[in-house]
Amino acid sequence: LKLHQEELRVYEALGDTRSRAVTLGDIARIQAARGQIDEALKLHQEELRVYEALGDTRFRAVTLGDIAHIQTARGQIDEALKLHRVRLAIFEALGDADGISNACFDLGQLLLMQAVEAARKEQRDREAFTNALGFLDRAYAGVNRIGRVDGIAVVATVYGQALAMAGQRDRALEVLAAARSAYVTLERDDVKELDEVIARIRRGPDGA
């Protein structure tokens, strides 16, 4: 954080507006990780105004995603969904495959969260669940197309469990196997936890 703040002062002295905005984003992400949500949001909003003034569409989309993540942390799910949809539209217009996959994954996770929360309240939000599966499927196809091993690991873990919730057991196991393979490649400890998830799905709802 100290280094970023020093960097920020240099860009301000040079009048380098864009680099200053990038550094504001770096500082904001550190603040968000520390739980300083309000401070992080202010910096991201300032960063966003710079990109809008510069006409930097891609970095505007990235910053919208950062703001949406803060809104999610605040429980402002509907507002976060709106920003992620705007972000997705920008990445689609740019033909940014990685950005599209990321935005679809975030949308899928949030809609899945809504559907699960509705189920806990003994309500059914079939539309949210169906849309969640659609976005997660698109994200999964995207990370596979790009060949992002880290992306496959994360997206397939969430998508596979969502498929299991939908009763698509065979497809769920296939996707989770891909997640496991990715975690093995990355040499991550997540494999053990994922093995438990896979075993539970194999046993089925009536399994011991």
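Cut-offs and rules
Residues numbered from 1 in each chain as written. Predicted model: local features only at pLDDT ≥ 70, side-chain atom pairs only at ≥ 80, totals over all residues. Heavy atoms only, no water. Core = buried A, V, L, I, M, F, W, Y, C linked by side-chain atoms within 4.5 Å. Buried < 20%, exposed > 50% of the residue type's maximum accessible area, 1.4 Å probe, protein only. Contact = heavy atoms within 4.5 Å. Phe/Tyr/Trp six-rings, centres within 6.5 Å; stacked < 30°, edge-to-face > 60°. Helix = DSSP H or I, 4+ residues; strand = E, 2+ residues; numbered from the N terminus. Lys NZ or Arg CZ within 6 Å of the ring centre and 35° of its normal. pLDDT = per-residue confidence, 0-100. Expected span 1.5 Å × (residues − 1). Axes fitted to C-alpha atoms, helices over the stretch in contact; angles between N-to-C directions. Parallel < 35°, antiparallel > 145°, perpendicular 65-115°, else oblique. Left-handed = near helix turned anticlockwise from the far one by under 90°.

Engineer: Looking at this model, I keep getting lost on the nonpolar core. Mind explaining?
Structural biologist: What tends to happen in soluble globular proteins is that the nonpolar side chains get buried as a cluster. L88, L112, L136, Y140, Y159 and L194 are the most contacted members of the largest nonpolar core, which has 58 residues in total. If near-sequence neighbours (up to four positions away) are discounted, L136 is found in contact with C104, F105, G108, Q109, L112, V155, V158, Y159 and A162.

Engineer: Help me understand the packing of aromatic side chains in this model?
Structural biologist: Two aromatic rings, taken as a pair, are described by how far apart their centres are and by the angle between their planes. Tallying each qualifying case throughout the model produces two aromatic pairs. Note on Y51 and F59: the rings are 5.4 Å apart at their centroids and 45 degrees apart in plane angle, and the pair reads as tilted. Under the relative-accessibility criterion, Y51 is labelled buried at 1%. Taking the relative accessible area as the measure of exposure, F59 reaches 27% and is therefore partly exposed. With a centroid separation of 5.7 Å and 50 degrees between ring planes, the pair formed by Y140 and Y159 is classed as tilted. In this pair, Y140 sits in helix α7 (residues 126-146) while Y159 sits in helix α8 (residues 149-165), placing the two residues 19 residues apart along the sequence. In this structure, R18 packs its charged tip against the face of F59, placed 4.4 Å from the ring centre.

Engineer: Which parts of the structure should I look at to understand the confidence of the model for the protein?
Structural biologist: Detailed reading of predicted coordinates is not advised where the pLDDT is low. Confidence in the prediction of the protein, expressed as mean pLDDT, is 93, and 98% of residues score 70 or more. Model confidence for the protein, summarised as mean pLDDT per element, is weakest for helix α6 (residues 97-120) at 92 and strongest for helix α5 (residues 77-94) at 97.

Engineer: Would you explain α5 in this entry?
Structural biologist: Taking 1.5 Å per residue, 18 residues should reach 26 Å; α5 reaches 26 Å between its end C-alpha atoms and fits that length. At its buried positions, α5 is contacted by α4 (57-73), α6 and α7. Looking one or two residues beyond α5, the residue adopting positive phi is G95, at roughly 70 degrees.

Engineer: Whenever I open this one, the packing of α5 against α6 confuses me. Can you help?
Structural biologist: Packed helices, taken two at a time, are described by the angle their axes make and the gap between the axes. Where α5 meets α6, the closest approach of the two axes is 9 Å, and the angle between their N-to-C directions is 155 degrees. In terms of orientation, α5 and α6 fall into the roughly antiparallel class. For the pair α5 and α6, the crossing hand works out as left-handed. The segment α5 lies against α6, with I77, D78, A80, L81, H84, R85, R87, L88, F91 and E92 engaging G99, I100, N102, A103, C104, D106, L107, L110, L111, M113 and Q114.

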